[in-house]
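Residues per chain are reported as follows:
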Amino acid sequence: MRVHQTRYANATAALASNRRVLYMDRKNASRQQTLEETLASAVQASDTELDQILHEVDRISSALKSKDPDQDTARAAGHPAVWSAVKQALLDRELRYLALTDDLTCLYNRRGFFAAASQQLKHARRNSETLLLFFCDVDNLKKINDTFGHQEGDLALIRAADALEQTFRGSDVLGRLGGDEFVVLALQTSQTSEETMLHRLEKCLKKANGPGSAYSLSLSIGVARFDPKKAVSLGELLARADEAMYEKKRKSKLLVKAGT
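Procedures and definitions
- Residues numbered from 1 in each chain as written.
- Predicted model: local features only at pLDDT ≥ 70, side-chain atom pairs only at ≥ 80, totals over all residues.
- Heavy atoms only, no water.
- Phe/Tyr/Trp six-rings, centres within 6.5 Å; stacked < 30°, edge-to-face > 60°.
- Helix = DSSP H or I, 4+ residues; strand = E, 2+ residues; numbered from the N terminus.
- Buried < 20%, exposed > 50% of the residue type's maximum accessible area, 1.4 Å probe, protein only.
- Salt bridge = Lys/Arg side-chain N within 4 Å of Asp/Glu carboxyl O.
- Axes fitted to C-alpha atoms, helices over the stretch in contact; angles between N-to-C directions.
- Contact = heavy atoms within 4.5 Å.
- Nonpolar A, V, L, I, M, F, W, Y, C, P; charged D, E, K, R; others polar.
- Pairing = 2+ DSSP bridges.

Digging into the packing of aromatic side chains
Thinking step 1. Scanning the entire structure with this criterion turns up three aromatic pairs.
Thinking step 2. On the basis of an interplanar angle of 90° and a centroid distance of 6.2 Å, the ring pair of phenylalanine 113 and phenylalanine 114 is categorised as edge-to-face.
Thinking step 3. Consider the rings of phenylalanine 148 and tyrosine 215, whose centres lie 5.6 Å apart with planes at 40°: the pair is tilted. One end of the pair, phenylalanine 148, is in helix 7 (residues 141-148); the other, tyrosine 215, is in the loop between helix 9 (194-209) and strand 4 (219-226), with 67 residues separating them in the sequence.
Thinking step 4. Residue tyrosine 215 is classed as buried on the basis of its relative accessible area, which comes to 15%.

Brief notes about the pattern of salt bridges
Thinking step 1. Within this structure, the stated rule accounts for eight salt bridges.
Thinking step 2. The partner of glutamate 247 in a salt bridge is arginine 250, with the nearest N and O atoms 2.7 Å apart. Highlighted residues: glutamate 247 and arginine 250, both in helix 10 (residues 234-259), separated by three residues, approximately one helical turn.
Thinking step 3. The class for glutamate 247 is partly exposed, based on a relative accessible area of 32%.
Thinking step 4. Given the relative accessible area of 43%, arginine 250 is considered partly exposed.

Thoughts on unusual backbone geometry
Thinking step 1. Look at cysteine 106: it is not a glycine, yet its phi comes out positive at around 65°.
Thinking step 2. Residue placement: cysteine 106 occurs in the loop between helix 5 (80-98) and helix 6 (110-127).
Thinking step 3. Cysteine 106 gets classed as buried once you look at its relative accessible area, which sits at 5%.
Thinking step 4. Located in the positive-phi region is serine 128, a residue other than glycine, with phi close to 55°.
Thinking step 5. Along the polypeptide, serine 128 turns up in the loop between helix 6 and strand 1 (131-138).

Considering the packing of helix 7 against helix 8 (residues 150-167)
In a pair of packed helices, the angle between the axes and the distance between the axes together describe the arrangement.
Thinking step 1. One can describe the packing of helix 7 onto helix 8 by two numbers: an axis separation of 7 Å at closest approach and a directional angle of 140°. The segment helix 7 lies against helix 8, with Leu141, Ile144, Asn145 and Phe148 engaging His150, Glu152, Gly153, Ala156 and Leu157.
Thinking step 2. A per-class count over the contact of helix 7 with helix 8 returns five nonpolar, three polar and one charged.

Quick word on the sheet that holds strand 1
Thinking step 1. With antiparallel pairing, the four strands of this open sheet are ordered in space as 2-3-1-4. Every other strand in the sheet has two partners, leaving strand 2 (173-178) and strand 4 as the edge strands with one partner each. Pairs of neighbouring strands in the sheet enclose a mean axial angle of 20°, with direction left out of account.
Thinking step 2. Relative to strand 4, strand 1 runs antiparallel, the two sharing eight bridges. Residue pairing across strands places cysteine 136 opposite isoleucine 221, the latter belonging to strand 4.
Thinking step 3. Contacts from helix 8 reach strand 1, strand 2, strand 3 (181-187) and strand 4, with the element oriented near 5° to strand 3.

Put into structure tokens, the structure is as follows:
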């Protein structure tokens, strides 16, 4: 039993570590402005001290690149207090960023999701874009925990997060609200209908199960549509998707009973 627990503990740690590496790679990748960069800009805009420091660093950097930097600029650039302030500001910014992230899955946590999704809704309203909100929970997570242990339960959550990330785009907002609940806010286009996304997610979940899996990983999913012409709040959108998910669960249970 101890060997079994150690193996799952090591596997959980390894998978979580790999997800953090992938998360950092995505974060540091050079590409067009992402949602994370939008949030970083919002943080900078709300943090006057950080904004002033970064502007000053840009000014000093530009001056040093000139052929004849003035003595005051050179002296300021070499002052330890300048770089100490920069380092502290960046560390504070990183801590704020980490505060928005779920430690196990490296998706947004509840706070991060609400912050990012609220920005996405504002953008969709301004640009008349349609969004789909997917509210999901991992089926039978308690049973998985009780039967195989909480380490395997953690692995199930990580695999669910992987399946969601493989299904949706980098511009979509993915979060773990807590426990077995996940949520995704995705842009709906002519090529990305609700049915297409759900079919893709089903394929990714089957892939996540793999051969020899002791249980079948599945998600219960409810979907709500954001219409920019009839805009509702994020809370209302979540409530609709949550209700849709439980309605599907109720119908599924009725079908099971009817079959028996």
